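Chains, contacts and geometry: an overview
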Amino acid sequence: MVSTTKRINVFFLVAMALFALTLSSCGSSETWQFTLKSQKDKAVIDMDKVTLIFEGVPMVLPQDQTGGGASGSLVVSGSGTAAVTVTAFGKSFTNYYNEGVNSMSFEGYTFNLLDTGTKLRIGTQVFDLTGEKKTIVIHKSGGAIVIDPN
(Lines give C-alpha, C1' and ligand atoms only; values in the text may rest on other atoms or scores of the structure.)
Protein backbone atom coordinates (compact mmCIF):
# COMPACT_ATOMS: atom_id res chain seq x y z
CA MET A 1 0.00 0.00 0.00
CA VAL A 2 1.34 3.47 -0.96
CA SER A 3 1.53 5.89 1.91
CA THR A 4 -0.34 9.19 1.84
CA THR A 5 2.98 11.07 2.07
CA LYS A 6 4.34 9.31 -1.05
CA ARG A 7 1.10 10.09 -2.96
CA ILE A 8 1.32 13.74 -1.95
CA ASN A 9 5.00 13.87 -2.97
CA VAL A 10 4.23 12.32 -6.38
CA PHE A 11 1.29 14.70 -6.84
CA PHE A 12 3.50 17.64 -5.84
CA LEU A 13 6.26 16.62 -8.30
CA VAL A 14 3.77 16.21 -11.16
CA ALA A 15 2.15 19.57 -10.34
CA MET A 16 5.55 21.30 -10.23
CA ALA A 17 6.59 19.72 -13.55
CA LEU A 18 3.38 20.97 -15.19
CA PHE A 19 3.88 24.41 -13.67
CA ALA A 20 7.47 24.51 -15.00
CA LEU A 21 6.27 23.52 -18.47
CA THR A 22 3.67 26.27 -18.37
CA LEU A 23 6.26 28.85 -17.31
CA SER A 24 8.71 27.78 -19.99
CA SER A 25 6.11 28.30 -22.70
CA CYS A 26 4.73 31.60 -21.36
CA GLY A 27 5.49 34.39 -23.79
CA SER A 28 7.06 32.01 -26.28
CA SER A 29 3.92 31.30 -28.28
CA GLU A 30 1.27 33.49 -29.84
CA THR A 31 -2.16 32.62 -31.15
CA TRP A 32 -4.51 34.58 -33.37
CA GLN A 33 -8.27 34.38 -33.56
CA PHE A 34 -9.83 33.85 -36.97
CA THR A 35 -13.30 33.76 -38.51
CA LEU A 36 -14.33 32.10 -41.76
CA LYS A 37 -17.38 33.93 -43.06
CA SER A 38 -19.29 35.25 -46.04
CA GLN A 39 -18.96 38.91 -46.96
CA LYS A 40 -20.66 40.27 -50.09
CA ASP A 41 -21.07 36.64 -51.27
CA LYS A 42 -17.30 35.98 -51.14
CA ALA A 43 -15.41 33.81 -48.70
CA VAL A 44 -13.45 35.79 -46.11
CA ILE A 45 -10.95 34.65 -43.50
CA ASP A 46 -10.54 37.41 -40.93
CA MET A 47 -7.52 37.05 -38.63
CA ASP A 48 -6.01 39.33 -35.99
CA LYS A 49 -3.61 41.12 -38.35
CA VAL A 50 -4.98 40.37 -41.82
CA THR A 51 -8.28 39.87 -43.61
CA LEU A 52 -8.20 37.63 -46.67
CA ILE A 53 -10.94 38.02 -49.28
CA PHE A 54 -11.16 35.15 -51.76
CA GLU A 55 -12.37 36.61 -55.03
CA GLY A 56 -12.72 33.17 -56.63
CA VAL A 57 -14.59 31.44 -53.80
CA PRO A 58 -18.27 32.29 -53.67
CA MET A 59 -19.83 31.86 -50.26
CA VAL A 60 -23.47 32.70 -50.58
CA LEU A 61 -25.61 32.53 -47.46
CA PRO A 62 -28.87 30.60 -47.67
CA GLN A 63 -31.88 32.82 -48.27
CA ASP A 64 -32.94 34.85 -45.22
CA GLN A 65 -29.82 33.86 -43.28
CA THR A 66 -27.40 36.38 -41.86
CA GLY A 67 -24.16 35.74 -40.05
CA GLY A 68 -22.95 32.24 -39.59
CA GLY A 69 -19.52 30.93 -40.36
CA ALA A 70 -16.87 29.31 -38.23
CA SER A 71 -14.12 30.56 -35.95
CA GLY A 72 -11.17 29.38 -33.95
CA SER A 73 -7.59 30.17 -33.10
CA LEU A 74 -4.31 29.39 -34.81
CA VAL A 75 -0.72 29.36 -33.59
CA VAL A 76 1.68 31.86 -35.18
CA SER A 77 4.79 31.45 -33.02
CA GLY A 78 6.40 29.15 -30.48
CA SER A 79 7.56 25.58 -30.42
CA GLY A 80 5.51 22.50 -31.20
CA THR A 81 2.76 21.66 -33.63
CA ALA A 82 -0.95 22.35 -33.89
CA ALA A 83 -3.66 21.67 -36.45
CA VAL A 84 -7.16 23.09 -36.89
CA THR A 85 -9.80 22.58 -39.58
CA VAL A 86 -13.10 24.45 -39.66
CA THR A 87 -15.94 24.22 -42.16
CA ALA A 88 -18.64 26.73 -42.97
CA PHE A 89 -21.18 26.51 -45.77
CA GLY A 90 -19.37 23.49 -47.22
CA LYS A 91 -15.98 25.24 -47.42
CA SER A 92 -13.06 24.07 -45.26
CA PHE A 93 -10.15 26.09 -43.89
CA THR A 94 -7.18 24.14 -42.56
CA ASN A 95 -4.13 25.42 -40.77
CA TYR A 96 -1.18 23.40 -39.58
CA TYR A 97 1.50 24.96 -37.40
CA ASN A 98 4.95 23.41 -37.10
CA GLU A 99 7.90 25.11 -35.41
CA GLY A 100 7.39 28.67 -36.63
CA VAL A 101 5.43 28.20 -39.85
CA ASN A 102 1.64 28.08 -40.13
CA SER A 103 0.66 26.43 -43.42
CA MET A 104 -2.92 27.13 -44.40
CA SER A 105 -5.19 25.94 -47.17
CA PHE A 106 -8.62 27.01 -48.29
CA GLU A 107 -10.48 25.75 -51.34
CA GLY A 108 -7.35 25.04 -53.39
CA TYR A 109 -5.40 28.10 -52.24
CA THR A 110 -2.35 27.69 -50.00
CA PHE A 111 -0.57 30.33 -47.95
CA ASN A 112 1.81 30.58 -44.99
CA LEU A 113 2.25 32.78 -41.94
CA LEU A 114 5.98 33.22 -41.36
CA ASP A 115 8.34 34.96 -38.94
CA THR A 116 5.99 34.92 -35.92
CA GLY A 117 3.08 36.21 -37.97
CA THR A 118 4.87 39.23 -39.39
CA LYS A 119 4.81 37.92 -42.98
CA LEU A 120 2.23 36.19 -45.15
CA ARG A 121 3.30 34.22 -48.23
CA ILE A 122 0.71 33.66 -50.93
CA GLY A 123 2.26 31.82 -53.86
CA THR A 124 5.48 33.69 -54.63
CA GLN A 125 4.28 36.94 -53.04
CA VAL A 126 5.25 37.89 -49.48
CA PHE A 127 3.25 40.51 -47.58
CA ASP A 128 4.46 42.44 -44.54
CA LEU A 129 1.89 42.16 -41.73
CA THR A 130 3.55 44.58 -39.33
CA GLY A 131 1.77 47.81 -38.49
CA GLU A 132 -1.92 48.25 -39.15
CA LYS A 133 -4.17 45.34 -40.06
CA LYS A 134 -4.07 44.57 -43.79
CA THR A 135 -6.86 43.52 -46.17
CA ILE A 136 -5.67 41.29 -49.00
CA VAL A 137 -7.74 40.16 -51.97
CA ILE A 138 -6.71 36.81 -53.39
CA HIS A 139 -7.65 36.69 -57.06
CA LYS A 140 -9.03 33.65 -58.87
CA SER A 141 -5.60 33.24 -60.49
CA GLY A 142 -3.91 32.93 -57.09
CA GLY A 143 -2.25 36.35 -57.24
CA ALA A 144 -2.99 38.75 -54.40
CA ILE A 145 -3.09 42.47 -53.69
CA VAL A 146 -3.35 44.63 -50.56
CA ILE A 147 -6.39 46.92 -50.71
CA ASP A 148 -7.65 49.84 -48.68
CA PRO A 149 -10.58 48.36 -46.73
CA ASN A 150 -12.53 51.66 -46.82
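Now for a look at the structure at hand. If you're wondering where the values come from, they're calculated on a predicted model, not measured in any experiment.

Considering the overall build of the protein
Looking only at helices and strands, the protein features one helix and twelve strands. The linear arrangement of helices and strands in the protein, starting from the amino end, is α-β-β-β-β-β-β-β-β-β-β-β-β. Looking at the protein residue by residue over its 150 residues, the buried ones come to 30%. Within the protein, contacts between residues at least 6 apart in sequence are counted, and of these 39% link residues at least 24 apart. Accessible area for the protein stands at about 9000 Å²; split by element, carbon and sulfur atoms hold 55% of it.

Focus: the pattern of salt bridges
Tallying each qualifying case throughout the model produces three salt bridges. Across the pair lysine 133 and aspartate 46 runs a salt bridge, and its minimum N-O distance is 2.6 Å. Of the two residues, lysine 133 sits in the loop between strand S10 (125-128) and strand S11 (134-138) while aspartate 46 sits in strand S2 (residues 42-47), which places them 87 residues apart along the sequence. A salt bridge links aspartate 115 to lysine 119, with the shortest nitrogen-to-oxygen separation between them at 3.1 Å. Overlapping salt bridges, with partners in common, bring together Lys37, Asp46 and Lys133 in one network.

Focus on the side chain of lysine 91
Tracing the backbone shows lysine 91 in strand S6 (residues 91-98). Nearest to the buried, unbridged lysine 91 among oppositely charged side chains is glutamate 107, at 4.8 Å. Setting aside residues no more than four positions away along its own chain, lysine 91 makes contact with Leu36, Val57, Pro58, Met59, Val86, Phe106 and Glu107.

Some words on the sheet that holds S6
Sheet architecture is open: six strands sit in the order S5-S6-S7-S8-S9-S10, paired in antiparallel fashion. One side of each edge strand has no neighbouring strand; the edge strands of this open sheet are strand S5 (81-88) and S10. Direction aside, the axes of adjacent strands within the sheet are offset by 15 degrees on average. By the bridge criterion, eight bridges tie S5 to S6 in an arrangement that is antiparallel. Across the sheet, threonine 85 pairs through a bridge with threonine 94, a residue of S6.

Structural notes on the environment of lysine 133
For lysine 133, a relative accessible area of 42% corresponds to the partly exposed category. Considered as a pair, lysine 133 and valine 50 are 83 residues apart in the sequence and their alpha carbons are 5.3 Å apart. What lysine 133 contacts, discounting residues up to four positions off in sequence, is Asp46, Met47, Asp48, Lys49, Val50 and Thr51. Within the structure, lysine 133 has its side chain in polar contact with the backbone oxygen of methionine 47 (distance 3.0 Å).

Let's talk about the sheet that holds S2
Sheet strands pair by backbone hydrogen bonding; their relative direction is either parallel or antiparallel. Spatial strand order, S4-S1-S2-S3-S11-S12: six strands in an open sheet with mixed pairing. Each of the sheet's edge strands pairs with one partner strand only, and the pair in question is strand S4 (70-77) and strand S12 (144-147). Across the sheet, the mean angle from the axis of one strand to that of its neighbour is 25 degrees, orientation sign disregarded.

Observations regarding the packing of aromatic side chains
Aromatic rings in a pair are described by how distant their centres are and how their planes are angled relative to each other. Following the criterion strictly, the structure yields five aromatic pairs and no others. A ring pair is formed by phenylalanine 54 and tyrosine 109, whose centres lie 5.6 Å apart and whose planes are at 55 degrees; its orientation type is tilted. Linking phenylalanine 54 in strand S3 (residues 50-58) with tyrosine 109 in strand S8 (residues 109-114), this pair joins segments that are 55 residues apart in sequence. Here the two residues phenylalanine 54 and tyrosine 109 agree in accessibility, since each one is buried.

Criteria and thresholds
- Residues numbered from 1 in each chain as written.
- Predicted model: local features only at pLDDT ≥ 70, side-chain atom pairs only at ≥ 80, totals over all residues.
- Heavy atoms only, no water.
- Helix = DSSP H or I, 4+ residues; strand = E, 2+ residues; numbered from the N terminus.
- Buried < 20%, exposed > 50% of the residue type's maximum accessible area, 1.4 Å probe, protein only.
- Contact = heavy atoms within 4.5 Å.
- Areas by Shrake-Rupley, 256 points an atom, 1.4 Å probe, with all protein chains shown as cover.
- Salt bridge = Lys/Arg side-chain N within 4 Å of Asp/Glu carboxyl O.
- Lys, Arg positive; Asp, Glu negative; His and termini not counted.
- Pairing = 2+ DSSP bridges.
- Axes fitted to C-alpha atoms, helices over the stretch in contact; angles between N-to-C directions.
- Polar contact = N/O pair within 3.5 Å; in protein donor to acceptor, adjacent residues only side chain to side chain.
- Phe/Tyr/Trp six-rings, centres within 6.5 Å; stacked < 30°, edge-to-face > 60°.

In short, the description is geometric, and any link to function would need to be established separately.
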